[in-house]
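# Reading the structure
Residues per chain are reported as follows:
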Amino acid sequence: MFEVPLPSAKSPHLRRAGSRPIFTDQEVNEMKSPSMAASGVAMMPSPVFLWRFKVVLFLLWGISCCKIGWDSVMRMNADKRDLFLYEAFLYFNPLLLVTLMVWLWGVNLWIFSHSSVNYAKVFDLDHTHLTHREIWKCATWMIIIVPTSMAAYLYLYSHGEVSLAASQPVILYAAILMVLIFPFEIFYLPSRYYLLRTVWRIMLPLQAITFSDFFLADIMTSMSKVFSDLERSVCRMVNKQVATIAWFEADSVCGSHSVVIPVVLVFPYLCRFFQCLRQYKDTRERTCLFNALKYSTAIPVIFLSALKYHVFPDSWTKFYRPLWLISSVINSLYSFYWDVTRDWDLSVFTRIFKFKNPHICTNLLYGRKWVYYWVIGSNLIFRCTWTYKLSAHLRHNYLTVFTITALEIMRRFQWIFFRVENEWNKITSSKPSLELSGNEIPKEEDRLLGSATHNV
C-alpha cells in the first residue's frame, strides 16, 4: 500500500464551499509584490475610462436608432405616414414619459440625499429602498429598451414584415408587466412590492391614508394621459389591431371616440377624491373636503370634452364648449391656489437646496428670489396648459399633447421638492425631540390623527 501524503491544513484545497481560500505567508507576500500589484492595476481600466466608454456606446446606439427610424419612416407613402406615426407614437410615447418620470424621480432623491430632508422617514421606507443611483440604473435600461423596440417596429413595418412589427409592442408590454409582478428575489423585489402595494391602497382607500398613498396618487393624476394611451394600446393589442388600419375608424371599440378614454383619464382623480373623503372620516378636518373639491373640478373638464363626439356640432359650439372652458379655468386656478397655499411652505421652501456639503446647486438655488418667481410662474402656466391633455377632443394633436404631458411631468418634478420638504418640516416641528438621524419613524396614526396641521 502506498501512503498518499495529506495536504497541509493551510492548503487552499482544504476549505469549505463558499469560504475564502487560505494561503501561506509566502503566497501572500508574492501577491503583495510590486510586480503583481502593477500588473493588477494595468489589467483594471479606470472608472473614468469605463464611464466614457459607456457614454460613447450610448451615443452610438442613440444615433443608430434615430437613423433606422428615420429611414424607415421615409420609405412609407406620404399619405399613410402621419397615420402610421400616430399609431407608433401611441404605443411607445407613454413608456417614454414613464422613463422621464423615473429619471426625474432619481434627481429628486439625489437632491434629498444631499440636503437635510430625510425622505426615507417621510415615506416610511426601510433600509432596502432604492437610492438615486439604482433609480437611474432602471431609467437607463428603460431608455435603451423602449427606443430599440420602437426602431425595430418602424423598420419591420416599412420592410413589409407586418406580423413581426405587430409583435414588438406586445413583447415590450408583456416584458414590462412580467418584471413588475415577478415574484422572485430579483429586480428589486421589495421596492416592486412596495410600489404595487401602494397602488392597491390607492385604488381601494379602505384604510388610513399615508403620505406615500396620496403622494403617489398625486403623481398618477399628472400621468392620466399616460394611462389613457396605455389603455388604448392594450385595447388594440387585445383586438389584434396593431399595425392595421382597423383602428382608424374613430367609432370602433379602440377608436378615438371611445367612452373608455374619459373614464381612464378621470380614474386617478377619483382615487384622490376618495382618499380625501377617507381622511376626512379619520380626522374630521374641513380642509380635506376642500381638497376633495379640488380634484372633483377635473371631472367636468374631462367629460365635457368627451361630449364633443356624442352631441351635435351646434350644441357643442354654443353650449358645451363654453362650459368646458369655464370648468378648465376653475380647475387650473383652484389647483394653482392649493399648490401655493397648502402643498408648499413659501417661507422656507428653498431650504431643500441647502446641501450638507458645498455644492454648485446651493450657490445657484439656495435663497435666490428668482427661484420663487420661476416656481410660482411656471406652476401657473403649466396648470393652465395642463387641461389640454385632459381633453379628449384635442388628443389628435399627438405631438402637442406629448409636449404638454412632458411639461406637466416637469411641473410635478419641481412640486415634489417642496411638497416633501413641507412634510418633513411638519414631522420635525410636531416632534422637536426627534433626531434627524435616528431610527424612530412617526406612526401612521400620529401623522393622520395626532397633528392638526397635517393636510393632505
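Note that this is a predicted model, so its numbers are computed, not measured.

The rules behind these values
- One numbering rule holds for all chains: residues counted from 1, following each sequence as written.
- Local features in this predicted model are restricted to residues of pLDDT 70 or higher, and side-chain atom pairs are both shown and tallied only at a pLDDT of 80 or more, whereas totals for entire chains, interfaces and linings draw on every residue.
- Water and hydrogen atoms were dropped before computing side-chain values, which therefore reflect all heavy atoms in the structure.
- The secondary structure listing takes helices from DSSP runs of H or I that are at least 4 residues long and strands from runs of E that are at least 2 residues long, numbered from the N terminus.
- Helix span, as expected, comes to 1.5 Å for every residue beyond the first.
- Under the scheme applied here, a residue whose accessible area is under 20% of the maximum for its type counts as buried, over 50% as exposed, and between as partly exposed, the area being computed with a 1.4 Å probe on protein chains only.
- What makes two residues a contact is simply this: any of their non-hydrogen atoms within 4.5 Å.
- When a carboxyl oxygen of Asp or Glu is within 4 Å of a side-chain nitrogen of Lys or Arg, the pair counts as a salt bridge.
- Aromatic pairs are defined between Phe, Tyr and Trp rings, using the six-membered ring for Trp, whenever the two ring centres lie within 6.5 Å; interplanar angles under 30 degrees are classed as stacked, those over 60 as edge-to-face, and all others as tilted.
- Any Lys NZ or Arg CZ found within 6 Å of a ring centre and within 35 degrees of that ring's normal is scored as a charge over the ring.
- Angles shown run from 0 to 180 degrees and are taken between the N-to-C directions of axes, each axis being a line fitted to C-alpha atoms and, for helices, limited to the stretch in contact.
- Should an angle lie under 35 degrees it is considered roughly parallel, over 145 roughly antiparallel, and from 65 to 115 roughly perpendicular; all remaining angles are considered oblique.
- Under the grouping applied here, Gly and all other residues not named as nonpolar or charged are polar, the nonpolar ones being Ala, Val, Leu, Ile, Met, Phe, Trp, Tyr, Cys and Pro and the charged ones Asp, Glu, Lys and Arg.
- Residues belong to one nonpolar core when they are buried, are Ala, Val, Leu, Ile, Met, Phe, Trp, Tyr or Cys, and are joined through side-chain atoms within 4.5 Å.
- The residues that make up patches have over 30% relative accessible area and no salt bridge, and they are joined within 9 Å when like-charged or within 5 Å when they are Val, Leu, Ile, Met, Phe, Trp or Tyr.
- Where accessible areas are quoted, they stem from the Shrake-Rupley method and a 1.4 Å probe; at the residue level, only the protein chains shown are allowed to cover.
- UniProt positions are given in the numbering used here, feature names are shortened, and annotations may be inferred rather than shown by experiment.
- Criterion for a disulfide: a pair of cysteine sulfur atoms at a distance within 2.5 Å.

Over its 20 residues, helix α7 (residues 162–181) runs 30 Å from end to end, which matches the ideal 28 Å to within 8%, given 1.5 Å per residue. Of the residues making up α7, those classed as buried are A165, A166, Q168, P169, L172 and Y173. Residues of α7 that are buried make contact with α4 (78–114), α6 (132–158) and α10 (224–238).

Here the structure, examined in full by the defined rule, presents 10 salt bridges. Residues R272 and D218 are paired through a salt bridge, measuring 3.2 Å at the closest nitrogen-oxygen approach. Remark: D218 occurs in helix α9 (residues 211–222) and R272 occurs in helix α11 (residues 260–283); sequence separation between them is 54 residues. D218 carries the same exposure label as R272, and that label is buried. A salt bridge links K225 to D229; the shortest N-O distance between them is 2.5 Å. In this pair, K225 and D229 are both assigned in helix α10, four residues apart and thus about one turn of the helix distant. Residue K225 is classed as buried on the basis of its relative accessible area of 7%. On the basis of relative accessible area, D229 is assigned to the buried category, the value being 2%.

With that out of the way, let us pick up the packing of aromatic side chains. This structure, assessed with the given rule, holds 22 aromatic pairs. Ring centres of F112 and Y119 lie 6.0 Å apart, and the angle between their planes is 35°; this geometry places the pair in the tilted category. Its relative accessible area of 1% is what places F112 among the buried residues. Taken together, W105, F123, F211, F214, F215 and W415 form an aromatic cluster joined through their ring pairs. We note R342 situated over the ring of W338; from NZ or CZ to the ring centre the distance is 5.6 Å. The ring of W415 is capped by R412, whose NZ or CZ atom sits 4.4 Å from the centre of that ring.

A word on the packing of helix α12 (residues 286–296) against helix α13 (residues 298–306). Axis separation between α12 and α13 bottoms out at 4 Å; the angle between their running directions is 15°. One way to sum up the angle between α12 and α13 is to call them roughly parallel. Contacts between α12 and α13 involve K294, Y295 and S296 on the former and, on the latter, A298, I299 and P300. A per-class count over the contact of α12 with α13 returns four nonpolar, one polar and one charged.

Of all hydrophobic cores here, the largest spans 37 residues; its most connected members are F112, V122, F123, F211, F215, I416 and V420. For this core, the elements supplying multiple residues, two or more each, are α4, α5 (119–122), α9, α14 (313–343), α16 (369–389) and α17 (398–430). Setting aside anything within four residues of it in sequence, one finds V122 in contact with F211, V420, E423, W424 and I427. With 18 residues, the next largest nonpolar core counts A88, V146, A165 and A166 among its residues.

Counting through the fold element by element, A298 comes out in helix α13. The buried category is assigned to A298, whose relative accessible area is 0%. When the C-alpha positions of A298 and N331 are compared, they lie 6.0 Å apart, and in sequence the two are 33 residues distant. In contact with A298, other than residues within four places in its own chain, are Y269 and N331.

This paragraph deals with a nonpolar patch on the surface. A cluster of nonpolar side chains, I176, L177, M178, L180, I181, L195 and L196, forms an exposed patch at the surface whose accessible area comes to about 570 Å². The set of elements that each furnish at least two residues to the nonpolar patch consists of α7 and α8 (189–203). Of the residues forming the nonpolar patch, the biggest block, five residues, is contributed by α7. Relative to the elements of secondary structure, L177 occurs in helix α7.

Another point: the UniProt feature "transmembrane region" (unreviewed entry) in the chain. UniProt records the feature "transmembrane region" (unreviewed entry) for residues 49–70, 90–111, 138–158 and 170–190 in the present numbering. For residues 49–70, helix accounts for 100% and strand for 0%, while the C-alpha atoms at its two ends are 32 Å apart.

Using the criterion set out here, one finds zero disulfides in the structure. Cysteine C66 remains unbridged, with the sulfur of C65 as its closest cysteine sulfur at 6.9 Å. Take C66: its relative accessible area is 56%, and that puts it in the exposed class.

One non-glycine residue, D124, lies in positive phi territory at about 60°. By the secondary structure assignment, D124 is in the loop between α5 and α6. Given the relative accessible area of 39%, D124 is considered partly exposed. Within the chain, R284 stands out as a residue other than glycine whose phi angle is a positive 60°. Mapped onto the fold, R284 is located in the loop between α11 and α12. The class for R284 is exposed, based on a relative accessible area of 57%.

Its 24 residues give α11 an end-to-end C-alpha distance of 35 Å, which sits within 8% of 34 Å, the value for a rise of 1.5 Å per residue. Looking one or two places after α11, you find R284, whose phi comes out positive at around 60°.

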